[in-house]
Structure formats: C-alpha cells, structure tokens
Amino acid sequence: MRFTYRLRPGATARGALLAEWGRCRWLWNEAVHQQKTGRRPTFRTLSKLLTEARARLSWLREGSQVAQQQTLRTYALALQHSYKITRRGRPAFKPRSKTLPSLEYTLRGFTIRDRRLRLAGGITIPVVWSRELPSDPTSVRVYQDSLGHWYASFVVRRDTAPTPAPAAETAIGVDWGVTVTATTTDPAYDLPHLGHRRRCAAELARMQRRMSRRRRPRGNPPSKGYLRARRQAAKLHRKAARQNTHDARQWAKRVVADHAVIAVEDFRPRFLARSTMARKVADVAVGAAKRELIDLGVRAGRKVVLVAPAYTTMTCSQCGTRAKERLGLGIRTFRCGDCGYTACRDRNAARTILATVERDRAGADDVRHVITSLRAGGGVRSEPEIPRLPTVGKR
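Below you will find a few notes about this structure. Bear in mind the structure is a predicted one, so any value in this text is a computation, not a measurement.

1. Things to note about the overall build of the protein
Counting its regular elements, the protein contains 10 helices and 16 strands. Out of the 395 residues belonging to the protein, those deemed buried represent 43%. A separation of at least 24 residues holds for 66% of the contacts in the protein among residues at least 6 apart in sequence. Summed over its atoms, the accessible surface of the protein is roughly 22,600 Å², and 50% of this surface lies on carbon and sulfur atoms.

See below:
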C-alpha cells in the first residue's frame, strides 16, 4: 500500500529536487528520442546508455543514479504498457513548463533518520507525519502538485488484514449520469449532483480573467501577479476536486457496506469532455466516484461487476426487449413498446445492468460483460484485475 505525507523542503532542498528532476527529465526525453528515431531501446540498452552518459557528462554525475535508473525503468514500463493496454499511447516528451516534478527512489536511494527523509545526494527534507508507517518502506516517490506542494508517497507492506465487511445478501446496480451522478436500483442509495465546482465558478472566472489580463506575450517570463492568480485558480480546482472525492468516498462506503454484489456501468466520460457538456461532466466527477466505488468494493471482498454501457438505456429491465431507436438525451422517461413498462430512464438502465449480472450469475472474481439483451445469452469472462477492454456497440 501507499502512504502519502506532506513534505516541507527548504530553499536548498527545493533547488536540489528541481535540479534532480531536470536530469531525470532529460533522460526521459532522450529515451523518447531513441524510440522515435526507430532504435527501439530496451531497459538494458537504456541502462548501458546511462552508464556511458554519466561517464561523459559531469552534470549528470552530480545527480543520484538511483533516481535516474528508476526514471528509465518507468519509461520502459510505460512503453511496454503502450503495446499491451488498449488506448494507451506511447511515452511522449516532457516539457519543463508543463510537467510537474516526480522522482522515484528505491531502498538504496533514501533513508528515514530523525523523522526526516534523506535522499541520495545529501537532500534532507522534513516530513509532516500525520500517521505512523505500518512497516519499513521499500520505495518512495517524491512529487510536486499543481499548487507547488511537495509530497512523499511511501510503498509499505501492511501485515494486518483489512477488517472484513459486514455480511450482506442484496445486490445493486449503478448507472452514471450528469443530472444525478449515480442512479441506483434503490433510490435510497442515489448519489445526487452536489455541484462543488459550480459554487466556486464565479470566483474561478474572476481569477481566470485576472490571469488573462496579466499574461505576457509569448517568450517573456510570467509576472508575479500572473503566477499568483494561477495559484489561486489551482487552489479552487483542488478544493472542488477534494470535495467531490470526499462525497464519493462516503457514498461508496454506504453502498459497499450494504450490498454483496455491485453491478457498475463501465462508463468512460472522456468523450463527453470534448462536447458542450464538458463543464457539467467535470463538475459531476463520475470518474472519481467510480474509482472509489470499485476500490472500496474490492478491498471489502464484494463482487464488483463492470457492465459495458452498450444498449443499457435502450433495453427494458422487465421483459428484456430492446428499443429499435436510440433514446435522445432529452427523453428522460423510458417506455417499453412490448410490455408497457414505464420508469425513469436512468433507473431502468440501472435495473438492466443489475439484471444482466443476475442473469449470468457473476462468479467470485471481477468480471466484465458485453450486454446484448436480456433474452440473448452474453459471454462472460472472468478477470482478476478488472482490465480495460474496448466496449462493443453504441449507447
């Protein structure tokens, strides 16, 4: 598991971290260049190139070899995932103006002495210990967020088993939306749209206008007023994101505690972010709620089932008949032409998702379904880690 703590680096430590990040970023960009020129370097080849570069360049030798080696290892892993995981692109260049620092250290590159984090190269940073580590860490990732705050994420092994969830026998289906974040088969467990970003929209717009007025022409360094306004805008974004995560976590705890089987629509709101609904989608934060629900459900030992969203809105949850025409977003009530069943559009989709899972009798492992209709049998394949596979059909 990962335990994250806030860091309080001084001016000297902050400069050393940024300098180390500059060396690691150069190595990453050099590896990307090797790939783009058709040389296809492996991790072994990159390690050999790193040894030769450190022998030739004195400024590269001043940095930690552990952090540089981990940067190349991360690049090799990202390149490997780009070939195996669907919709995962190739590693790209990391420009200095758009990339936040992130450094990886293994056990050889850091120690904890006097409750301070000591990194390779003589960098000592005070840590805000909000809680004790359950065991000795095996690695640490030091990174900076958009607000300029530094954090240390330790990888530790937890010896104690998590507390098992209370016994439950009921099942629930979850359908994601924009007007209501999560519509379930039981109205008592719906997650309403709370609108945290909308409440701070006026203040955020004022900061963005201030940034626009203080923006200098291209090629000139940004002014202090522009950086101050950008920091205030980033604080508002972070505040809304944390509120959404907190509400999603509290809602997911209630759902996981009372249900043994959780059927979740595998909805990806990425395409909506490019439409006219981009602001509403960002305010709803479906991705954060879905991630919290899946993580808490897996930790509690529940059966979490991912159902592809294809045809869930068009299928009747009572008789299984699929509508011949696609329902527009303006139609909020579903009416079945065969059995006459009438219900809320999202509620019917949630019941359809749950009916799909109950029909196929989900096993102990996490599974993914490709829904066709309730009358036709659908293929079920057991997957231990809920992989990201392409969906079939249209919504």
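2. Quick word on the pairing of strand β11 (residues 261-265)
A large share of β11 lies buried, amounting to five of its five residues. Residue alternation in β11 divides its side chains into two sets, Val 261, Ala 263 and Glu 265 and Ile 262 and Val 264, and both sets are buried. The pairing of strand β8 (residues 171-176) with β11 spans four bridges and is parallel. Bridge pairing links Ala 171 to Val 261 in β11. Summarising the sheet, β11 and strand β12 (residues 303-307) pair through five bridges and their orientation is parallel. Each bridged residue has a counterpart across the sheet, and for Val 264 the counterpart in β12 is Leu 306.

3. So, the sheet that holds strand β4 (residues 116-119)
In spatial order, the strands read β2-β6-β7-β1-β5-β4-β3; together these seven strands make up an open sheet with antiparallel pairing. Of all the strands in the sheet, just β2 (102-106) and β3 (110-113) have a single pairing partner and so form its edges. Each strand of the sheet is rotated relative to its neighbour by a mean of 30°, with strand direction disregarded. Sheet topology note: the strand β6 (residues 139-144)/strand β7 (residues 150-155) ladder contains six bridges and is antiparallel. If you follow Val 140 over to β7, its bridge partner there is Phe 154.

4. Thoughts on the nonpolar core
Judged by nonpolar contacts, the single largest core of 23 residues is most densely connected at Leu 7, Leu 17, Leu 117, Leu 119, Val 142 and Phe 154. Every element with two or more residues in this core is listed here: β1 (2-7), α1 (11-36), β2, β4, β5 (123-128), β6 and β7. Considering each element in turn, this core owes the most residues, four residues, to α1. Leaving out residues up to four positions away in the same chain, Phe 154 has contacts with Met 1, Arg 2, Phe 3, Tyr 5, Phe 110, Ile 112, Leu 117, Trp 129, Leu 133, Pro 137, Ser 139 and Val 140. Core analysis: the second largest hydrophobic core is formed by 22 residues, Val 256, Phe 267, Val 284 and Ile 294 among them.

5. Notes on the environment of Val 180
Residue position: Val 180 is located in strand β9 (residues 180-184). The class of Val 180 is partly exposed, set by a relative accessible area of 27%. On a C-alpha basis, the gap between Val 180 and Leu 194 in space is 8.8 Å, while along the polypeptide they are 14 residues apart. Look past the residues within four positions of Val 180 in its chain and what remains in contact with it is Leu 191, Pro 192 and His 193.

6. Structural notes on the pattern of salt bridges
Side chains that carry opposite charge are capable of pairing whenever their charged atoms lie near each other. In this structure the tally under the stated criterion is nine salt bridges. One salt bridge connects Arg 141 with Glu 104, and the closest N-O pair in it is separated by 3.9 Å. Taken together, the residues Arg 141 in strand β6 and Glu 104 in strand β2 connect sequence positions 37 residues apart. The class of Arg 141 is partly exposed, set by a relative accessible area of 24%. Salt bridges here are not isolated pairs; linked through shared partners, they connect Glu 20, Arg 23 and Glu 62.

7. Quick look at unusual backbone geometry
In the Ramachandran plot, Asp 114 falls in the positive-phi region, its phi being about 55° despite a non-glycine side chain. Among the secondary structure elements, Asp 114 is positioned in the loop between β3 and β4. For Asp 114, a relative accessible area of 68% translates into the label exposed.

8. So, the state of the cysteines
Taken as a whole, this structure holds zero disulfides when the rule is applied. Looking at Cys 336, it has no disulfide partner, and the nearest cysteine sulfur is the one in Cys 319, 3.6 Å off.

9. Quick word on the packing of helix α6 (residues 201-214) against helix α7 (residues 224-258)
It is at 9 Å that the axes of α6 and α7 come closest, and there the two elements cross at 155°. One element, α6, and the other, α7, form an angle in the roughly antiparallel class. Crossing handedness for the pair α6 and α7: left-handed. Residues Glu 203, Leu 204, Met 207, Gln 208, Arg 210, Met 211 and Arg 214 of α6 lie in contact with α7, whose contacting residues are Gly 225, Tyr 226, Arg 228, Ala 229, Arg 230, Gln 232, Ala 233, Leu 236 and His 237. Split by residue class, the contact of α6 with α7 holds seven nonpolar, four polar and five charged.

10. Topic: helix α4 (residues 65-84)
With 20 residues, α4 ought to run about 28 Å at 1.5 Å a step, and its terminal C-alpha atoms sit 29 Å apart, in line with that. Residues of α4 that are buried include every one of Val 66, Ala 67, Gln 68, Gln 69, Gln 70, Thr 71, Leu 72, Tyr 75, Leu 79 and Ser 82, and no others. Residue Ser 64 occupies the N-cap position of α4, its side-chain oxygen lying 3.3 Å from the main-chain nitrogen of Val 66.

11. Examining a positive patch on the surface
Where like charges cluster on the molecular surface, the positive patch consists of Arg 206, Arg 209, Arg 213, Arg 214, Lys 224 and Arg 228. Only α6 and α7 provide two or more residues apiece to the positive patch. Take the positive patch: its biggest share by element is four residues, from α6. Relative to the helices and strands, Arg 209 is located in helix α6.

The rules behind the values
Residues numbered from 1 in each chain as written. Predicted model: local features only at pLDDT ≥ 70, side-chain atom pairs only at ≥ 80, totals over all residues. Heavy atoms only, no water. Helix = DSSP H or I, 4+ residues; strand = E, 2+ residues; numbered from the N terminus. Buried < 20%, exposed > 50% of the residue type's maximum accessible area, 1.4 Å probe, protein only. Contact = heavy atoms within 4.5 Å. Areas by Shrake-Rupley, 256 points an atom, 1.4 Å probe, with all protein chains shown as cover. Pairing = 2+ DSSP bridges. Axes fitted to C-alpha atoms, helices over the stretch in contact; angles between N-to-C directions. Core = buried A, V, L, I, M, F, W, Y, C linked by side-chain atoms within 4.5 Å. Salt bridge = Lys/Arg side-chain N within 4 Å of Asp/Glu carboxyl O. Disulfide = S-S within 2.5 Å. Parallel < 35°, antiparallel > 145°, perpendicular 65-115°, else oblique. Left-handed = near helix turned anticlockwise from the far one by under 90°. Nonpolar A, V, L, I, M, F, W, Y, C, P; charged D, E, K, R; others polar. Expected span 1.5 Å × (residues − 1). Polar contact = N/O pair within 3.5 Å; in protein donor to acceptor, adjacent residues only side chain to side chain. Patch = residues over 30% accessible without salt bridge, like charges linked within 9 Å, V, L, I, M, F, W, Y side chains within 5 Å. Lys, Arg positive; Asp, Glu negative; His and termini not counted. Charge placed at Lys NZ, Arg CZ, Asp CG, Glu CD.

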